[in-house]
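Here is how the chains run, residue by residue.
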Amino acid sequence: FLVYTGRGQETLGGADGQKRQMKIRLLKMASATSKRLLGTIHDLCMAALSFAAANLLVASFYYGTIISGFIEKTALFTLICGIVFRVFELNRGSWRYASISDLMAILKSVTLSVLVYVAIIFTYSRGVGFSRFVPFLTWLILILSLAGPRILYRLVKESGWIGLISEGGRIRPG
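Quick look at the structure, then.

### As for the overall build of the protein chain
In terms of helices and strands, the protein chain carries 4 helices and 2 strands. Start at the N end of the protein chain and walk to the C end: the helices and strands fall as β-β-α-α-α-α. For the protein chain, with 174 residues in total, the buried portion stands at 26%. When contacts within the protein chain are restricted to residue pairs at least 6 apart in sequence, long-range pairs at least 24 apart make up 67% of them.

Right under this line is the structure:
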């Protein structure tokens, strides 16, 4: 039987309606969880790629330089980022609503991740074979690679393709 909800719509009543509403709730929860998981995977991939890029950029200036323990160092940095990003809850909200507080959380978490990594490296090996420019370059690349996609996603969701295309698909006049 149909039940009027008072919001201008009718839904199934009884056991069938309750089952359907439960399925809809579960699908919404699964969708939110999968989006957070994708966001976390993105953030960790960007952490690994930014660390690798910084190391390779610095090593490219010294021809023939082999970065000892490159995979282990990248894995350590990514693990540290995973822990710190979880503490700062980088993926607590939707990218659609990226705000200044989200960007501040990115800034704080990336800064702490780099500082923790540098402290561990200097404690473990006194910084032997460690370029002092890598942490700064990693910090810069990681902030850009975490904040950039969030800002771009928000711009696209808010105003079409960066405000150039309207919702109807027509190009807006200047």
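That was the structure; now back to the text.
### Comments concerning the environment of Ala53
Along the polypeptide, Ala53 turns up in helix H1 (residues 14-60). Among the residues examined, Ala53 registers a relative accessible area of 29% and is labelled partly exposed. Along the primary structure Ala53 and Leu137 are separated by 84 residues, whereas in three dimensions their C-alpha atoms are 8.7 Å apart.

### Let's talk about the nonpolar core
Core analysis: the largest hydrophobic core is formed by 24 residues, its most contacted members being Phe77, Phe85, Val110, Tyr117, Leu142 and Leu146. Those elements that place two or more of their residues in this core are H1, helix H2 (70-87), helix H3 (100-125) and helix H4 (134-159). Take this core: its biggest share by element is 7 residues, from H3. When sequence neighbours within four positions are dropped, the list of residues in contact with Val110 reads Phe85, Trp139, Leu142, Ile143 and Leu146.

### Some details on H3
Because an α-helix packs 3.6 residues into every turn, residues spaced three or four apart end up facing the same way. For H3, which comprises 26 residues, the first-to-last C-alpha distance of 37 Å matches the rise-based estimate of 38 Å (1.5 Å per residue) to within 8%. By the burial criterion, the buried members of H3 are Asp102, Ala105, Ile106, Ser109, Val110, Ser113, Val114, Tyr117, Val118 and Ile121. Looking one or two residues beyond H3, the residue adopting positive phi is Arg126, at roughly 60°.

### Remarks on the pattern of salt bridges
Two side chains that carry opposite charge are able to pair once their charged atoms sit near each other. Evaluation of the coordinates by the stated rule reveals 1 salt bridge. Salt-bridge contacts for Asp43 lead to Arg150; the nearest nitrogen and oxygen are separated by 2.9 Å. Placement of the pair is Asp43 in helix H1 and Arg150 in helix H4, with a sequence separation of 107 residues. Taking the relative accessible area as the measure of exposure, Asp43 reaches 2% and is therefore buried. We classify Arg150 as buried; its relative accessible area is 3%.

Rules behind the numbers
- Residues numbered from 1 in each chain as written.
- Predicted model: local features only at pLDDT ≥ 70, side-chain atom pairs only at ≥ 80, totals over all residues.
- Heavy atoms only, no water.
- Helix = DSSP H or I, 4+ residues; strand = E, 2+ residues; numbered from the N terminus.
- Buried < 20%, exposed > 50% of the residue type's maximum accessible area, 1.4 Å probe, protein only.
- Contact = heavy atoms within 4.5 Å.
- Core = buried A, V, L, I, M, F, W, Y, C linked by side-chain atoms within 4.5 Å.
- Expected span 1.5 Å × (residues − 1).
- Salt bridge = Lys/Arg side-chain N within 4 Å of Asp/Glu carboxyl O.

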